[in-house]
Amino acid sequence: MRQESISKSFSWESAWKTVSQGSFWQFSLIFIGCVSSLIYPHAPLVGFSAVAGNTLTRKKALTCVMVIWLANQLYGFIIRQYPQTWESLTWGIVMGLGTLFVTGLVTLRPTFCQRFWGHCLWLVISVIGGYLLYEGAIILIAQLMGGHSLTLAILWRIFLKNCLWGIGLSLIHGCVVGVMMQFSPQYSSQSADKV
């Protein structure tokens, strides 16, 4: 029984590494992130940061979230007609820097992430902690600029949106890793050898 759980956790980490180093998952996140700008005026950047940082290598994660942020900004200024003011530009830059910062922190995956449940725990910590850091920076800038005010109701809706996106993207990632473990010959043979 213990041998079987060791092989499953080993398979999870091996499959996770393969997915994190490949391009399929990175491009999938970029595509979904860019499409999310069509749904929301502001993409759930914290959710994408937490998932990208938790499921991709650092370089791929940072590239991924910057492309999503840039697509969101281009869509906002070109299609949604964001005002072309210093305030709007400052908001966009703070959002981009916050996204990079959160993603960079999440990629510092602690050693407990090598197991499936540790991976899930780090994702929860990433979404909640990332949200507090990201929105904290935005609230600070809002106070300094004397512009936007964010009510608790707005902050709660943003938090829920990022949580839902984080959960949904994580489920998709889990399916990708599961398919890798199920159908890749190297992972299937490892499980068969251990039984």
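Quick notes on the rules
Residues numbered from 1 in each chain as written. Predicted model: local features only at pLDDT ≥ 70, side-chain atom pairs only at ≥ 80, totals over all residues. Heavy atoms only, no water. 1 Å grid on protein atoms, 1.4 Å probe; cavity = no way out; pocket = protein on both sides within 12 Å on 5 of 7 lines; lining within 4 Å. Points joined across faces, edges and corners; volume = space filled by probe spheres on them. Helix = DSSP H or I, 4+ residues; strand = E, 2+ residues; numbered from the N terminus. Nonpolar A, V, L, I, M, F, W, Y, C, P; charged D, E, K, R; others polar. Buried < 20%, exposed > 50% of the residue type's maximum accessible area, 1.4 Å probe, protein only. Polar contact = N/O pair within 3.5 Å; in protein donor to acceptor, adjacent residues only side chain to side chain. Contact = heavy atoms within 4.5 Å. Expected span 1.5 Å × (residues − 1). Core = buried A, V, L, I, M, F, W, Y, C linked by side-chain atoms within 4.5 Å. pLDDT = per-residue confidence, 0-100. Phe/Tyr/Trp six-rings, centres within 6.5 Å; stacked < 30°, edge-to-face > 60°. Lys NZ or Arg CZ within 6 Å of the ring centre and 35° of its normal.

1. Side note on the layout of surface pockets
In this approach a probe as big as a water molecule rolls over the atoms, and the regions it shows empty are the leftover space.
So, point 1. In this structure, the second largest pocket spans a volume of roughly 290 Å³.
So, point 2. Contributing to the lining of the second largest pocket are 16 residues, with Cys120, Leu123, Gly166, Ile167 and Ser170 lying nearest its centre.
So, point 3. Sorting the residues of the lining of the second largest pocket by element identifies helix H6 (116–145) and helix H7 (152–183) as the ones contributing at least two each.
So, point 4. It is H7 that provides the largest number of residues to the lining of the second largest pocket, a total of eight residues.
So, point 5. Of the residues contributing to the lining of the second largest pocket, the split by class is eleven nonpolar, five polar and no charged.

2. Notes on the side chain of asparagine 72
So, point 1. Along the chain, the position of asparagine 72 falls in helix H4 (residues 58–78).
So, point 2. The buried category is assigned to asparagine 72, whose relative accessible area is 0%.
So, point 3. A distance of 3.0 Å separates the side chain of asparagine 72 from the side chain of serine 37, its partner in a polar contact.
So, point 4. Those residues in contact with asparagine 72 that lie beyond four places of it in its chain are Ser37, Tyr40, Pro41, His42, Ala43 and Met95.

3. Examining H6
So, point 1. Helix length check: H6 (30 residues) gives 43 Å between terminal C-alpha atoms against 44 Å at 1.5 Å per residue, within 8%.
So, point 2. One or two positions beyond H6, positive phi appears at glycine 146, with a value near 65°.

4. Topic: the nonpolar core
So, point 1. In terms of nonpolar packing, the biggest core is built from 41 residues, with Trp25, Leu29, Leu45, Ala52, Leu56, Cys64 and Tyr134 touching the most fellow members.
So, point 2. When residues of this core are traced back to their parent elements, those giving at least two are helix H1 (2–21), helix H2 (24–39), helix H3 (45–55), H4, helix H5 (86–106), H6 and H7.
So, point 3. With eight residues, the single largest contributor to this core is H6.
So, point 4. Once you skip the residues sitting within four places of it in the chain, tryptophan 25 turns out to touch Val19, Val51, Thr55, Leu56, Leu169, Ile172, His173 and Val176.

5. Considerations on the confidence of the model for the protein chain
So, point 1. Summarising the model, the protein chain shows a mean pLDDT of 85, and 88% of its residues fall at 70 or more.
So, point 2. Note that residues 1–10 has pLDDT below 50 and, in this model, six contacts with residues that lie over four places away or in other chains.
So, point 3. For the stretch residues 188–195, pLDDT sits under 50, and the model shows eight contacts to residues farther than four places along the chain or on other chains.

6. Description of unusual backbone geometry
Negative phi is the rule for most residues except glycine; trans is the rule for most peptide bonds.
So, point 1. One non-glycine residue, glutamine 81, lies in positive phi territory at about 60°.
So, point 2. Position of glutamine 81 relative to the elements: it lies in the loop between H4 and H5.
So, point 3. Since its relative accessible area comes to 59%, glutamine 81 is described here as exposed.

7. Considering the side chain of glutamine 73
So, point 1. With respect to the helices, strands and loops of the structure, glutamine 73 is situated in helix H4.
So, point 2. Judged by relative accessible area, glutamine 73 falls into the buried class, the value being 8%.
So, point 3. For glutamine 73, the residues in contact, after removing those within four places along its chain, are Gly92 and Met95.

8. Considerations on the packing of aromatic side chains
Any aromatic ring pair is given by two values, namely how distant the centres are and how the planes are angled relative to each other.
So, point 1. Under the criterion given, the structure shown has six aromatic pairs.
So, point 2. Between the aromatic rings of phenylalanine 77 and tyrosine 82, the centroid separation amounts to 5.4 Å while the plane-to-plane angle is 75°, which identifies the pairing as edge-to-face.
So, point 3. Their ring planes at 35° and their centres at 5.7 Å tell us that tryptophan 156 and phenylalanine 159 sit as a pair that is tilted. Of this pair, tryptophan 156 and phenylalanine 159 are both found in helix H7, three residues apart, which corresponds to roughly one turn of the helix.
So, point 4. One cation-aromatic arrangement involves arginine 109 over tryptophan 16; the distance from NZ or CZ to the ring centre is 3.9 Å.

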